[in-house]
Amino acid sequence: MPSKTKAMKDLLIFAVKFIYGFLEALFHWVVPKPKKNVAGEIVLVTGSGSGIGRLLALRFAHLGAILVLWDINPEGNQETCDLARKAGASRVYTYICNCSERQDIYRVAAQVKKEVGDVTILINNAGIVTGKYLLEIPDECVEKTFDVNSKAHIWTYKAFLPAMITNNHGHLVCISSSAGLLGTSRLSDYCASKFAALGFAESLCFELFAQGYTGIKSTIVCPFFIKTGMFEGCITENPLLLPILEPNYVADKITNAILEEQVYLFMPRFLYFALFLKSFLPVNAALALCEYMKVFEVMNCFTGRLKKE
Ligand SMILES: NC(=O)c1ccc[n+]([C@@H]2O[C@H](COP(=O)([O-])OP(=O)(O)OC[C@H]3O[C@@H](n4cnc5c(N)ncnc54)[C@H](O)[C@@H]3O)[C@@H](O)[C@H]2O)c1
Ligand SMILES: *[C@@H]1O[C@H](CO)[C@@H](O)[C@H](O)[C@H]1NC(C)=O
C-alpha cells in the first residue's frame with residue numbers, strides 16, 4: 001500500500017477512535033456503565049486487617065467473590081474474615097504476609113496459588129506513613145515506606161500477572177493517594193512512594209494495552225484523608241473543597257470504580273482540578289494558593305497509628 005494511503009487510513013482510524021472515546025465518555029456521563037459480575041472471582045486485598053482494606057473485603061464478600069486477605073496483623077485480619085463470612089462470603093482465606101519483604105510476598109503468593117487458585121482481582125491497599133520532616137525520618141522508615149507502599153505492588157504484579165496474561169482476564173487495583181498526585185510538607189517519603197505506586201500502576205495499564213491484553217483492567221485510586229485512623233489528628237481547613245472522607249463512602253466509590261472498570265478515581269473531585277492547576281499555574285501563584293488554603297499545614301497535628309505497624 002502506498003504510504004500516503006496508509007497515512008490517510010491511520011489518521012481516519014485515529015479520528016474515529018478519538019471521537020468514539022469522547023462519545024462513549026459522554027454517553028456514560030448520562031447512562032452509568034454496566035457493572036461487571038465478580039461472583040466467583042478470586043480477590044486479593046493487601047492490608048485487609050483494618051480501614052479501607054477491610055471495607056473493600058466486605059464489599060466483595062457481599063458480591064460473592066472468593067476472598068484472599070493479606071495482613072501483617074493476624075488479629076485484625078481474623079476480624080475481617082469473620083465479618084466477611086457474616087457478609088455472605090463462603091470462601092475466605094487469611095494469610096499473614098509482611099508486604100515490606102519481597103520474599104515473604106512471593107512465599108505467600110505461591111501458597112495462595114496452591115491453596116486457592118489464580119488471583120483475578122488484585123487490590124494493593126496496604127500502606128504506612130511516618131509523617132515527619134525529612135531530616136527527622138529514620139532511614140529504616142523511609143525504606144519500609146517504599147517497600148510497603150510501592151515495591152510490594154511490583155512483587156504482587158510479578159506473582160499474579162502471569163496467570164492474568166494467560167487468561168487475558170483480571171483487574172489490577174492500586175490504592176495510591178492525593179499524596180501520589182501532589183507533593184506536600186511532612187510527607188516527603190510517603191508522597192514519593194505514592195507517586196511511585198501511581199507511576200507503576202499507570203505504566204502497567206498502558207503496557208498491557210500496548211500488548212493487546214484488553215481483558216486485564218486497571219483502577220488507580222487517589223483519595224484525600226480518610227477517617228480510618230491512619231492519619232489521626234490531621235485536619236482540613238477546606239471542608240468544602242477538601243473534606244476528610246468517610247471510610248464507607250470511599251469503599252463504595254472504589255468498589256463502584258472497579259465494577260465499572262474505571263481507570264482513575266480521585267476523591268474528592270477537587271483533586272482533578274488541583275492537578276490541572278498544577279500543570280499551568282506559575283509556581284509562585286500555586287504556592288500562594290497552597291498557603292491560602294493552608295495545605296502545607298494539614299500534617300501539623302498528625303499523630304497517626306502511634307507505634308503500630
Ligand atoms: N487514611 C487515609 O487518610 C488515606 C488517604 C489516602 C490514601 N490512603 C491509602 O489507603 C490505603 C489504606 O489505608 P487505611 O487508611 O485503610 O490504613 P490502615 O492503617 O487502617 O490500614 C492499613 C493496613 O495495612 C496493613 N499493613 C501495614 N503494613 C503492612 C505490611 N508490611 N504487610 C502487610 N500489611 C501491612 C496494616 O496492618 C493495616 O491493616 C493505604 O495504602 C493508604 O496509604 C489512606
Ligand atoms: C516486616 O519486615 C520488615 C523488613 O524486613 C521488618 O523490619 C519488620 O520487623 C517485619 N515485621 C514483622 C511484624 O515481622
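Cut-offs used in this document
Residues numbered from 1 in each chain as written. Chains lettered and ligands numbered in written order. Predicted model: local features only at pLDDT ≥ 70, side-chain atom pairs only at ≥ 80, totals over all residues. Heavy atoms only, no water. UniProt positions renumbered as here; feature names shortened; annotations may be inferred. Phe/Tyr/Trp six-rings, centres within 6.5 Å; stacked < 30°, edge-to-face > 60°. Buried < 20%, exposed > 50% of the residue type's maximum accessible area, 1.4 Å probe, protein only. Lys NZ or Arg CZ within 6 Å of the ring centre and 35° of its normal. Near = heavy atom within 4 Å. Polar contact = N/O pair within 3.5 Å; in protein donor to acceptor, adjacent residues only side chain to side chain. Areas by Shrake-Rupley, 256 points an atom, 1.4 Å probe, with all protein chains shown as cover. Helix = DSSP H or I, 4+ residues; strand = E, 2+ residues; numbered from the N terminus. Nonpolar A, V, L, I, M, F, W, Y, C, P; charged D, E, K, R; others polar. Right-handed = clockwise from strand over helix to strand, strands pointing away. Pairing = 2+ DSSP bridges.

The protein is annotated in an unreviewed UniProt entry as Epidermal retinol dehydrogenase 2 isoform X1 of Phascolarctos cinereus. Per UniProt, the comment on the protein under Sequence similarities (unreviewed entry) is "Belongs to the short-chain dehydrogenases/reductases (SDR) family."

**Student:** Looking at this structure, how should I read the packing of aromatic side chains?
**Tutor:** Aromatic rings considered in pairs are described by the distance between their centres and by the relative angle of their planes. Applying the stated rule across the entire model yields 14 aromatic pairs. Between the aromatic rings of Phe 224 and Phe 225, the centroid separation amounts to 4.8 Å while the plane-to-plane angle is 45 degrees, which identifies the pairing as tilted. Residues Phe 225 and Phe 231 carry aromatic rings whose centres are separated by 5.0 Å and whose planes lie at 45 degrees to one another, so their mutual orientation is tilted. The same class applies to Phe 225 as to Phe 231, namely buried. The ring of Trp 155 has Arg 102 sitting right over it, with the charged end atom 5.3 Å from the ring centre.

**Student:** Looking at this model, I keep getting lost on the site of ligand 1. Mind explaining?
**Tutor:** Neighbouring ligand 1 are 30 residues; Ser 50, Asp 71, Asn 125, Ile 226 and Thr 228 lie closest to it. At 3.4 Å, a backbone N or O of Ile 72 approaches a nitrogen atom of ligand 1. Side-chain polar atom of Tyr 190 to an oxygen atom of ligand 1: 2.7 Å apart, as the coordinates give it. Computed on the free molecule, ligand 1 has an accessible area of 830 Å², of which 98% lies beneath the protein chains in the complex. Counting residues per element, the ones that place at least two in the shell around ligand 1 are α2 (51-62) and α6 (188-210). Along the lines of polarity and charge, the residues of the shell around ligand 1 split into 15 nonpolar, 11 polar and 4 charged.

**Student:** Hey, could you run me through the pairing of strand β2 (residues 66-71) in this one?
**Tutor:** Residues in a regular strand point their side chains to alternate faces of the sheet. Within β2, 6 of the 6 residues are buried, which leaves the element mostly enclosed by the surrounding structure. The handedness of the strand β1 (residues 42-46) to β2 crossover, carried by α2, is right-handed. Inspection of the sheet shows β2 paired to strand β3 (residues 92-96) by 5 bridges, in the parallel sense. Across the sheet, residue Trp 70 finds its bridge partner in β3, namely Tyr 95. Between β2 and its parallel partner β3, the chain crosses via helix α3 (residues 74-86), and the hand of that crossover is right-handed.

**Student:** When you look at unusual backbone geometry in this model, what are you seeing that I'm missing?
**Tutor:** With the exception of glycine, the majority of residues adopt a negative phi angle, and the majority of peptide bonds are in the trans configuration. With an omega of -5 degrees, the peptide bond running from Met 267 to Pro 268 counts as cis. Turning to its location among the elements, Pro 268 is positioned in the loop between β7 (264-267) and α8 (270-280). Here the phi dihedral of Arg 186 falls at roughly 65 degrees; this positive angle occurs in a residue that is not glycine. Position of Arg 186 relative to the elements: it lies in the loop between β5 (170-175) and α6. On the accessibility criterion, Arg 186 (21% relative accessible area) is partly exposed. A positive phi angle, close to 55 degrees, is found at Glu 261, a residue other than glycine. Note on placement: Glu 261 falls in the loop between α7 (247-259) and β7.

**Student:** In this structure, what is going on with the side chain of Thr 46? I would like to understand it.
**Tutor:** Looking at the secondary structure, you find Thr 46 in strand β1. Residue class for Thr 46 comes out buried when judged on its relative accessible area of 2%. One polar contact links the side chain of Thr 46 to the main-chain amide nitrogen of Asn 125, over a distance of 2.9 Å. At 2.9 Å, the side chain of Thr 46 forms a polar contact with the backbone nitrogen of Ala 126.

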